Amino acid sequence: MDHLIIDALRDVLTGQCTPAIVRAIENEVAAHNGCAPETDLTKISATAATLWQQIEDTGFADLLLPEDEGGAGLALRDAFAVWDLLGQHAMPLPLAETMLARGWLVAAGVAVPQGAIALAPHLLVEGGGVGTSGVRGARVAQWVLGQHGGELVLLPVAGAQASPSIFVLDADLRWKAETLVSATRVPAPASLLVAQAGLVSALLAGSLLTTFESTLNFANERQQFGRPIGKFQAIQHELAVMAEHVSAARMAAQIACEAGGVLADPLKVAVGKARTGEAAVEVASLAHSVHGAIGFTTEFDLQLFTRRLHLWRQTAGSESYWQLQAGQALVAAGGMSLDVIRQITDSTAAA
Amino acid sequence: MTILNGLGLTRIPPEGEALRAEVRAFLQDAVKDIPAHIRAKSWSGYDPAFSRRLGEKGWLGMTFPTAYGGHAQGAFARYVVVEELLNFGAPVGSHWIAERQSAPLILKYGTEAQKQRYVPPVARGESFFCIGMSEPNAGSDLASVRTRAVPNDAGWLLNGQKIWTTNAQHCQYMIALVRTSGEAADRHKGLSQLIVDLNLPGVTVRPIEDMSGDSHFCEVFFENVQLAPDALVGAEGQGWEQVTAELAFERSGPERLFSSVVLFDQWLAFLRTEATPRAESLRLAGQILTRLAPLRALSVAVQEKLVQGQSPIVEAALVKDQGTVLEQYIPAAIADDLMAREGAAIPHELMLTLNYLTLVSPCYTLRGGTRSILRGMIARGLGLR
Ligand SMILES: Cc1cc2nc3c(=O)[nH]c(=O)nc-3n(C[C@H](O)[C@H](O)[C@H](O)COP(=O)(O)OP(=O)(O)OC[C@H]3O[C@@H](n4cnc5c(N)ncnc54)[C@H](O)[C@@H]3O)c2cc1C
């Protein structure tokens, strides 16, 4: 992985994706929610438009494109570090998703459209049109890359009928049959659900790290009974357990992204998404426990991360779904479980 | 935060993997007649003849220098051999402590004469050691050990008692942590490690039966045991530093992940016999796999740091605590799964393995440091204490 890219991205995120900016985007979109989707992001959230423009200008959305297409030729295993960093900063725009969608579209010979692309792995046919609910980041995206059967379909957000979803930046979307007919379609190279689950695992890895680090800092600062609460053994053990979940989940997310090209391995993704999902629940709960009442407030930044832990855990298949997939693969494999484990954990990069 | 950020996905290098096929072929044959519920004992399984066969193969003392009967191989080659041994449930208990802890300790701190004398037989699988750290009133709090060795003209006069000493009834030697100067109140000052020949007059070894019905740990009493001057390993008074280092490096190996793997594999084989396994069973299989695989990746990453000469003590504690909790979860979860079937015929052998692991699994989070102690170490590594 090119450290220059990571350093540059860290600079952009530290300056331009601060908690204040994440909040501003969420608030501006909330104020606009219920209104029709827009092609022009500035009408929904000027802050989101500015952040997106900075990302476009620095080329981060194109990192998975081949170098001769203006990208950096990254593979998924390199993208992990990028997505991890987005998770660490509670990235409110579908940048990870756009990176992946652009990578897939260019590989399929389709020109990359302007703007952010959200993902919808389960497009459902409804009365001639298609629809899907809970599209992550749809309120701050211009496009949705959806999967329907063996096809990928690139649909404009502005052409959809939108209604608010549970998370403020998401939307439930429906497109009429005409939009579908005129949309760009290409054969799907792999499961979009697998791809999304892989990148969400990496986002979770980052968000878990920030949640843990801010909880550790809080434990060292907050005083009760005349000393920092981190001096109490009960709190120390809560933090130790958090650290365990974070370390295992971060390794699992690296496993999920372990691929040389832009197509993930479904079994590795199953490991990544199941384990990060488990950690998300535990770590969010422990973080709030250690923070006491202040962590329960909107005003305190912790919620920007713990809400995302739950949101991303609920994205692209929960633990039950991926554990079932992994279990089916394990039982189908036969032989010793060690061999399946080795196949999952051996990086092919160093070989 | 380098502790949680610093472990990257890697793999065992080819020179480490080189032996796997040969070891596996050997094990397939060596354990084929051992029932699964006996294989499930693996690192508590005592079988000196098997240890000698491993010695002949060159699979003991792999990382020791050739001058002491070792094979000067890399740590990853040993990792692969141990991983295969545990996954096959091979009886490694006889040589386990000597090969993993005692001989490396002697190689690190011992005199030339001690290395020449004690290490080659360990590499041949002929000499077995036990660890005398715990006492009735010193478990987690090892700094309070009371067993005392007093210097005299003949060497050291040893009095006191050790407890929970794995395999003491089968071993020739114990490396004991004892007080050689000062008082219990001096804590870790004045502790030393001594090699005790368990055949000496004044040593009494009494096996203790554990709740599974096995007797693999013991009480050991020392009554005026006269030790030679060269019983001391390392420097007088340095015992605390020595045991701390000894304990730190055995915490993230395959032995902290695979204690219940024979049962897991046996249960998976049973699921494969069912026409339609329950979805809940498949999900449980996946849950265990998706917890185990990242831990194995972490264990390999920690091993790589050790090979590079770093001391990832906290990382190792993170792996051990999670690994042992998962090992303990496996029998409980499999029992729940099996008993969710109405009237299904569950193989007796599977139930025997399940029963053994159910009864023995409490020890996973005790041996080598309890989970509370490990969490304290993690907290220290995080800068909280
Ligand atoms: C199968 C098996 C094999 C063993 N083999 C050996 C061996 O070969 N050689 C040997 O020397 N020992 C051996 N042991 C002993 C083992 O190392 C001890 O059991 C262990 O160190 C715990 O000590 P204890 O049992 O005295 O428990 P205690 O120290 O009495 O602890 C009881 C409980 O209190 C908790 N506790 C204690 N202190 C603290 C603290 N400061 N903070 C928080 N919680 C605390 C512990 O975590 C535990 O939950 C073996 C044990 C087992 C089960």
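Residues numbered from 1 in each chain as written. Chains lettered and ligands numbered in written order. Predicted model: local features only at pLDDT ≥ 70, side-chain atom pairs only at ≥ 80, totals over all residues. Heavy atoms only, no water.

1. A short note on the confidence of the model for chain B
On average, residues of chain B score 95 in pLDDT, and 99% of them reach the 70 mark or higher. Taken together, the chains of this predicted complex give a pTM of 0.97 and an interface ipTM of 0.96. (pLDDT = per-residue confidence, 0-100.)

2. Description of the site of the ligand
Neighbouring residues of the ligand: 16 residues in total, closest S134, S140, W164, T166 and T370 of chain B. In this structure, the ligand is bordered by residues of chains A and B. A distance of 2.9 Å separates a nitrogen atom of the ligand from a polar atom in the side chain of Q233 of chain A. One of the side-chain nitrogen or oxygen atoms of T370 of chain B is found 2.6 Å away from an oxygen atom of the ligand. The set of elements that each furnish at least two residues to the shell around the ligand consists of β3 (155-166) and α14 (371-381) of chain B. If you tally residues by element for the shell around the ligand, the top one is β3 of chain B, at three residues. (Near = heavy atom within 4 Å. Polar contact = N/O pair within 3.5 Å; in protein donor to acceptor, adjacent residues only side chain to side chain. Helix = DSSP H or I, 4+ residues; strand = E, 2+ residues; numbered from the N terminus.)

3. Details of a positive patch on the surface
Together, R227 and K231 of chain A together with R380 and R385 of chain B make up a region of like positive charge exposed at the surface. With respect to the element layout, R227 of chain A can be found in strand β10 (residues 227-228). (Patch = residues over 30% accessible without salt bridge, like charges linked within 9 Å, V, L, I, M, F, W, Y side chains within 5 Å. Areas by Shrake-Rupley, 256 points an atom, 1.4 Å probe, with all protein chains shown as cover. Salt bridge = Lys/Arg side-chain N within 4 Å of Asp/Glu carboxyl O. Lys, Arg positive; Asp, Glu negative; His and termini not counted. Charge placed at Lys NZ, Arg CZ, Asp CG, Glu CD.)

4. A closer look at the sheet that holds strand β7 (residues 171-175) of chain A
Strands pair in a sheet through their backbones, by hydrogen bonds, and they do so in one of two ways: parallel or antiparallel. Residues and elements named next belong to chain A. Pairing in this open sheet of four strands is antiparallel, and the strands run β2-β3-β7-β6 from one edge to the other. Every interior strand has two partners, whereas the edge strands, β2 (124-126) and β6 (161-164), have only one. The sheet shows a mean angle of 25 degrees between the axes of neighbouring strands, taken without regard to direction. Across three bridges, the pairing between β2 and strand β3 (residues 129-135) is antiparallel. The residue bridging L124 from the neighbouring strand is G131, located in β3. (Pairing = 2+ DSSP bridges. Axes fitted to C-alpha atoms, helices over the stretch in contact; angles between N-to-C directions.)

5. Remarks on the interface of chain A and chain B
Each partner contributes to the interface: chain A provides 55 residues, whereas chain B provides 51 residues. When chain A packs against chain B, the two sides together hide about 4600 Å² of surface, and 64% of this comes from carbon and sulfur. The interface formed by chain A and chain B contains five salt bridges. Residue E17 of chain B is joined to R342 of chain A by a salt bridge in which the shortest nitrogen-to-oxygen separation is 3.5 Å. Linking chain A with chain B are 20 residue pairs in polar contact (both at pLDDT 80 or more). When contributions to the side of chain A that touches chain B are tallied by element, the ones reaching two or more residues are α8 (192-221), α9 (233-256), α10 (266-291), α12 (319-333) and α13 (337-345) of chain A. Here the side of chain A that touches chain B gets 16 residues from one element, more than from any other, and that element is α9 of chain A. Along the lines of polarity and charge, the residues of the side of chain A that touches chain B split into 28 nonpolar, 17 polar and ten charged. (Contact = heavy atoms within 4.5 Å. Buried area = accessible area lost by both parts, 1.4 Å probe. Nonpolar A, V, L, I, M, F, W, Y, C, P; charged D, E, K, R; others polar.)

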